[in-house]
Every structure is written in C-alpha cells, then in structure tokens.
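So you can see what is in the structure, the chains are spelled out below.
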Amino acid sequence: SVKVGLAQMLRGGVIMDVVTPEQARIAEEAGACAVMALERVPADIRAQGGVARMSDPGLIRDIKRAVTIPVMAKARIGHFVEAQILEAIGVDYVDESEVLTPADDAHHINKHNFRVPFVCGCRDLGEALRRVREGAAMIRTKGEAGTGNVVEAVRHIRSVMGDVRALRNMDDDEVFAYAKRIAAPYDLVMQTKQLGRLPVVQFAAGGVATPADAALMMQLGCDGVFVGSGIFKSGDPARRARAIVQAVTHYSDPEILADVSSGLGEAMVGINLSDPKVERYAARSE
Ligand code: PLP
C-alpha cells in the first residue's frame, strides 16, 4: 500500500525524539530521517509520572514548521481521536505508543480508517502481525523507553528475528497451528514466512543511548532506529545525534564505530531495570 511504501523511505535512518523546534533543527542537521515531536521525552515522562497524553498540537505544528524531514507524533493506544487530531494537523506518521498512558485496554486504533501511516510497537512476531492487520505501516520493537538500557530492545528484536527464522524453516502445513499459537492472522504469517521478514519496515526502539547501541540494533537485523531520551538527555546532543546517524549508516564497521564513539561526553543516566519500582511500558495496560 501507499502507507507501507512511505514508511519504506525511512529505512537505514534514525528517528529522534525532540521537544522543541530548536532540537528538531539539531536532529535534522545531524541527519535524522524523521523527528518525533513530543512535550516530554520518555525519561521525563517516567520521572514526572501522571497520565501521559498526546502533545499540544501547537507545539507539533511549530516543530513541523522548523524542519523539512517527516514529523511523527504519538497518540495513546486506542485513542483514535488523538490520532484524528494528529492527522488533521498534517503529521507525517502517527506513533500509537505505549510510552503514553494507554486509553483502551482491549483495542488498538483501527488504523485502516486513516490516510496517515502509523507505527506501532511490538515485543514478538504475533504482536507485530496483529498491529499490521490493524493497519500499521511500520513496526518498532518496544524495548523500554526512557531507561537508557538496551536490554529489553535486544530481547524484543531477538524474539521477532528468532520467530521469523523458525517460521522460515517450518513446513507449510504447520503454519496454521503456528499462526493460532501466536494469535496472528494466517495470511500475514504465511507472507512473513515467504518474505523471510516482517511485511513492513521494522525499527528498533526503547533504550538506545550510544552509537554502539544503535549499531547493535542494526546488526541484529533492524531497518533503522528510534532514539528517544538518549540524545537530548546527554551531554552533547548535536554531536551524539551525528554519531548515532553515522553508526546506523556504518553499523558493521567497528573502526568507524570507534571513531564516532570517541569524545561524546556524558551519555544519559540509565535506569536499572531490575528495580521493581521501574514500570514496564512494553507490557503496560492500565
Ligand atoms: N501493548 C499495550 C501497551 C497493551 O496495553 C496491550 C494490551 O492491551 C498490548 C500491547 C497487546 O495487544 P495485543 O495482545 O492485541 O497485541
């Protein structure tokens, strides 16, 4: 479809969270393929607590005016009116995001009702293909946003990639039961088996803080990377943003990775995910 094709254009790129037009310009200058316009980055949503909602449309419009690259914005899971508003102001992609407080425990947005393409999060292949069936044009593995800790991002990518590998080696006759087991539509499971990958662009997200983290996501097989709190919660955002773009472009060249990783100053302060007080956004449902 047209929407899936639009998302394909982001391949090999870095999508950066920004909270001001100035940050958006820094991201564009650094080579970001898109920006995510927000009032608060996930690390601040965690720190401040409370209900996290769609950002002020006025701020999103200001950010749109500041850059020429595509602008994404987040709607709450199931909150199709927030998505209608984001479509009305002309955002290029809507992220139906678990980083915001979910609005519907049982239903995601029917994304077929929109012209704007959506990106949705997943932790495994079944979740990814349920979102694609609802009309998602792009998938991102969830990780744990705002933690600066890449361990959940790695878990979710390995889960999707491992499921796709197992599927590729499966007898066609076994796909019916497999689709039922992962609660995904048979036709999309079969299409994934034939393609040897998800039928839409698959980015990584949730905890990426360094160029090495970003290159790790790419070597694990992702098409690109979202960086949320990792850039503008670090010591030298412009430099780190450029370094992460370079790392995603040259992800399999350790010498370039060493170069771009040098002298970046302080990375964002991470969060220890074994602390039981740390909320898991990836699994949340009010
Ligand atoms: N992500 C979040 C944040 C949820 O609250 C839920 C459940 O309602 C899901 C994903 C899972 O949705 P599904 O099982 O339809 O993939």
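Here's a quick rundown of the structure. (Residues numbered from 1 in each chain as written. Predicted model: local features only at pLDDT ≥ 70, side-chain atom pairs only at ≥ 80, totals over all residues. Heavy atoms only, no water.)

1. Observations concerning the overall build of the protein
Moving on, step 1. Counting secondary structure elements, the protein contains 13 helices and eight strands.
Moving on, step 2. Whereas a compact globule of 286 residues would reach a radius of gyration of roughly 19 Å, the protein reaches 18 Å, a difference of no more than 12%.
Moving on, step 3. A buried classification covers 55% of the 286 residues belonging to the protein.
Moving on, step 4. The long-range fraction of contacts in the protein, counting pairs at least 24 apart against all pairs at least 6 apart in sequence, stands at 65%.
Moving on, step 5. Carbon and sulfur atoms provide 49% of the accessible area of the protein, an area that totals close to 12,100 Å². (Helix = DSSP H or I, 4+ residues; strand = E, 2+ residues; numbered from the N terminus. Rg over C-alpha atoms; globule rule 2.2 N^0.38 Å. Buried < 20%, exposed > 50% of the residue type's maximum accessible area, 1.4 Å probe, protein only. Contact = heavy atoms within 4.5 Å. Areas by Shrake-Rupley, 256 points an atom, 1.4 Å probe, with all protein chains shown as cover.)

2. A closer look at the site of the ligand
Moving on, step 1. Around the ligand lies a shell of 11 residues, among which Asp 105, Arg 130, Arg 131, Lys 142 and Arg 284 are the nearest.
Moving on, step 2. Contact between the ligand and Arg 130: an oxygen atom at 2.8 Å from a side-chain N or O atom of the residue.
Moving on, step 3. Here Lys 142 contributes a side-chain N or O atom positioned 2.8 Å from a nitrogen atom of the ligand.
Moving on, step 4. Class assignment for the residues of the shell around the ligand results in one nonpolar, two polar and eight charged. (Near = heavy atom within 4 Å. Polar contact = N/O pair within 3.5 Å; in protein donor to acceptor, adjacent residues only side chain to side chain. Nonpolar A, V, L, I, M, F, W, Y, C, P; charged D, E, K, R; others polar.)

3. Let's talk about the side chain of Thr 141
Moving on, step 1. Position of Thr 141 relative to the elements: it lies in strand E6 (residues 138-141).
Moving on, step 2. Given the relative accessible area of 0%, Thr 141 is considered buried.
Moving on, step 3. If we skip the residues at most four places from it in the chain, Thr 141 touches Cys 122, His 156, Ile 157, Val 160, Gln 202, Phe 203, Ala 204 and Ala 205.

4. What about the nonpolar core?
Moving on, step 1. One finds Met 16, Leu 86 and Met 217 to be the most contacted residues of the largest nonpolar core, which totals 48 residues.
Moving on, step 2. Aside from chain neighbours lying at most four places away, what touches Met 217 is Val 150, Ala 153, Val 154, Ile 157, Ala 204, Val 208, Cys 222 and Val 225.
Moving on, step 3. Counting 22 residues, the second largest nonpolar core, distinct from the first, contains Cys 122, Ala 179, Leu 188 and Leu 198. (Core = buried A, V, L, I, M, F, W, Y, C linked by side-chain atoms within 4.5 Å.)

5. Considerations on the packing of aromatic side chains
Moving on, step 1. A full pass over the atoms with the stated rule returns three aromatic pairs.
Moving on, step 2. Seen from their ring centres, Phe 114 and Phe 118 are 5.1 Å apart, and the 70° between their planes marks the pair as edge-to-face.
Moving on, step 3. With centroids separated by 5.7 Å and ring planes inclined at 70°, the aromatic side chains of Phe 203 and Phe 226 adopt a geometry described as edge-to-face. Here Phe 226 lies in strand E8 (residues 224-227) and Phe 203 lies in strand E7 (residues 201-204), a separation of 23 residues in the sequence.
Moving on, step 4. With a relative accessible area of 6%, Phe 226 lands in the buried category. (Phe/Tyr/Trp six-rings, centres within 6.5 Å; stacked < 30°, edge-to-face > 60°.)

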